[in-house]
Amino acid sequence: MLRSLWFLVLLVSILLTATSAQAAEPLVVHVIVPLCSNEQIDCGSNVAGDPDRLDTNLYWGAAFGHRRFFDRKKSGFTRLDVMSAEGARLERVVYRRNVSAEPFGGKSGETIEQIIVLDAYHGDSIDRAVEAFWRLATRGGRIRFRDGGKERDVRISVAGYAGHNRLMDGVRLSPPPGAEERARAIPSFVLACDSEPYFGPALRAAGSETWLMTRSLMAPEGYVLDAVVTAIGERASPTTIRERAVAAYAKWQKLSHRAAGTIFAKPQ
């Protein structure tokens, strides 16, 4: 009897430990950013549209570029790691902030990590960037980075894309994954011109829930991404994520809320 009771206590302890570890798993948003290229669209200037200039590119190092926006002092994020070129990927930057664990099933007062991974792809390799995003959104994945002196391996929670909509140029997505892989799909968002009709149906058919898409031309810059990932860190609904994106776009683009609202698609 005592032995059975001891085994039951041990089993409960293991289950509680596993549940606690699961609750502590970080929320990881991995965003693919193909650098702006003047050969594809008008990026505003020669340096802003140089597809391998990290420091001046419109979507990376320029005033509202993604890395520069997350590097700013008041971003709320701490930079953990910077990885240099690996093939078509010119740079990977990893950021962290702590968010309330309560919306994710944790206890009041507890926090979990929100990890943001930004991948800068050479503009000439935008097709590979699109494919990397598509595979990530429809199959999920893990990512490694260094945190201080420690190497970490974490599961990716959400896939994002921020850059030119290459599908508007006639590029096609790869065939959707099979049923077994489809079960590994993760939520996604696409900050690109008119992304809903080009990406939305394909992503949803492949099992990826689309949290934010667009229905018009837009500038996929850092302030929009910041609004989106901040909302995701609060476990906001797709409707609220869209509202945050609309508000940020209206503010930074100096548009009316109504005009900005026509750019972002309502959740499907």
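What counts and what doesn't
- Residues numbered from 1 in each chain as written.
- Predicted model: local features only at pLDDT ≥ 70, side-chain atom pairs only at ≥ 80, totals over all residues.
- Heavy atoms only, no water.
- Helix = DSSP H or I, 4+ residues; strand = E, 2+ residues; numbered from the N terminus.
- Rg over C-alpha atoms; globule rule 2.2 N^0.38 Å.
- Buried < 20%, exposed > 50% of the residue type's maximum accessible area, 1.4 Å probe, protein only.
- Contact = heavy atoms within 4.5 Å.
- Areas by Shrake-Rupley, 256 points an atom, 1.4 Å probe, with all protein chains shown as cover.
- Pairing = 2+ DSSP bridges.
- Salt bridge = Lys/Arg side-chain N within 4 Å of Asp/Glu carboxyl O.
- Axes fitted to C-alpha atoms, helices over the stretch in contact; angles between N-to-C directions.
- Parallel < 35°, antiparallel > 145°, perpendicular 65-115°, else oblique.
- Left-handed = near helix turned anticlockwise from the far one by under 90°.
- Phe/Tyr/Trp six-rings, centres within 6.5 Å; stacked < 30°, edge-to-face > 60°.
- Expected span 1.5 Å × (residues − 1).
- Disulfide = S-S within 2.5 Å.

(A) Fine view of the overall build of the protein. On a plain count of helices and strands, the protein comes out with eight helices and nine strands. Whereas a compact globule of 268 residues would reach a radius of gyration of roughly 18 Å, the protein reaches 20 Å, a difference of no more than 12%. With the C-alpha coordinates aligned to their principal axes, the bounding extent of the protein is approximately 75 × 40 × 40 Å. When each of the 268 residues of the protein is scored for burial, the buried share is 50%. Restricting the contact set of the protein to residue pairs at least 6 apart, pairs at least 24 apart contribute 62%. Summed over all atoms, the accessible surface of the protein reaches about 13,300 Å², with 52% contributed by carbon and sulfur.

(B) Layout of the pairing of strand S4 (residues 111-121). Most of S4 sits inside the fold, with ten of its eleven residues counted as buried. For strand S1 (residues 27-34) and S4, the ladder comprises eight bridges, and the chain directions are parallel. Across the sheet, the residue bridging to Leu27 is Gln114, located in S4. In terms of strand pairing, strand S3 (residues 89-100) meets S4 through eleven bridges, oriented antiparallel. In the strand pairing of S4, Tyr95 is matched with Ile116.

(C) Structural context of the pattern of salt bridges. Inspection of every chain in the model, using the stated rule, returns 20 salt bridges. Arg92 is paired through a salt bridge with Asp119; the nearest N and O atoms lie 2.7 Å apart. Within this pair, whereas Arg92 is found in strand S3, its partner Asp119 is found in strand S4, the two being separated by 27 residues in sequence. Using a relative accessible area of 11% as the deciding quantity, one classes Arg92 as buried. The residue Arg146 makes a salt bridge to Glu151 at a minimum N-O spacing of 4.0 Å. Taking relative accessible area as the criterion, Arg146 reaches 35% and is therefore assigned partly exposed. Linked through salt bridges whose partners overlap, the residues forming this network are Arg142, Arg144, Arg146, Glu151 and Asp153.

(D) Structural context of the side chain of Arg89. Tracing the backbone shows Arg89 in strand S3. Those residues in contact with Arg89, other than ones at most four positions away along the chain, are Met83, Ser84, Asp119, Ala120 and Tyr121.

(E) Structural context of the sheet that holds strand S9 (residues 210-212). Judged by pairing direction, the sheet is mixed, and its seven strands sit side by side in the order S2-S3-S4-S1-S7-S8-S9 without closing on themselves. Sheet topology places strand S2 (78-83) and S9 at the edges, where each strand pairs with a single neighbour. Each strand of the sheet is rotated relative to its neighbour by a mean of 20 degrees, with strand direction disregarded.

(F) Spatial organisation of the packing of helix H6 (residues 222-233) against helix H7 (residues 238-253). The N-to-C vectors of H6 and H7 enclose an angle of 155 degrees; their axes lie 8 Å apart at closest approach. The orientation of H6 relative to H7 falls into the category roughly antiparallel. As H6 packs across H7, the resulting crossing turns out to be right-handed. Taking contact as the criterion, the partners of Tyr223, Val224, Ala227, Val228, Ala231 and Ile232 in H6 are, on H7, Ile241, Arg244, Ala245, Ala248, Tyr249, Trp252 and Gln253.

(G) Quick look at the packing of aromatic side chains. For the coordinates displayed, the defined rule picks out twelve aromatic pairs. With a centroid separation of 5.5 Å and 80 degrees between ring planes, the pair formed by Phe69 and Trp252 is classed as edge-to-face. In this pair, Phe69 is assigned in helix H2 (residues 66-71) and Trp252 in helix H7, connecting sequence segments 183 residues apart. In this structure Phe69 comes out as buried when scored by relative accessible area, which is 5%.

(H) Broad picture of H7. Counted at 1.5 Å a residue, the expected span for H7 with its 16 residues is 22 Å, and the 22 Å between its end C-alpha atoms agrees. Considered for burial, the residues of H7 that qualify are Ile241, Arg242, Ala245, Val246, Ala248, Tyr249 and Ala250. Along its buried surface, H7 packs onto S9, H6 and helix H8 (257-261). Lys254 occupies a position one or two residues after H7 and carries a positive phi of about 55 degrees.

(I) View of the state of the cysteines. The tally for this structure, following the rule as stated, stands at one disulfide. What pairs with Cys36 in a disulfide is Cys43, and their sulfur atoms sit 2.1 Å apart. Between Cys36 and Cys43, the S-S torsion sits near -95 degrees, and that sign places the bridge as left-handed. Taking relative accessible area as the criterion, Cys36 reaches 2% and is therefore assigned buried. Accessibility expressed as a relative area gives 5% for Cys43, which makes it buried. Cysteine Cys193 is unpaired, with the sulfur of Cys36 as its nearest cysteine sulfur at 9.9 Å.

(J) Examining the side chain of Arg139 more closely. As for its placement among the helices and strands, Arg139 is situated in helix H3 (residues 126-139). Arg139 gets classed as buried once you look at its relative accessible area, which sits at 14%. Contacts of Arg139, omitting those with residues within four sequence positions, involve Trp134, Pro175, Pro177, Glu181, Arg184 and Ala185.

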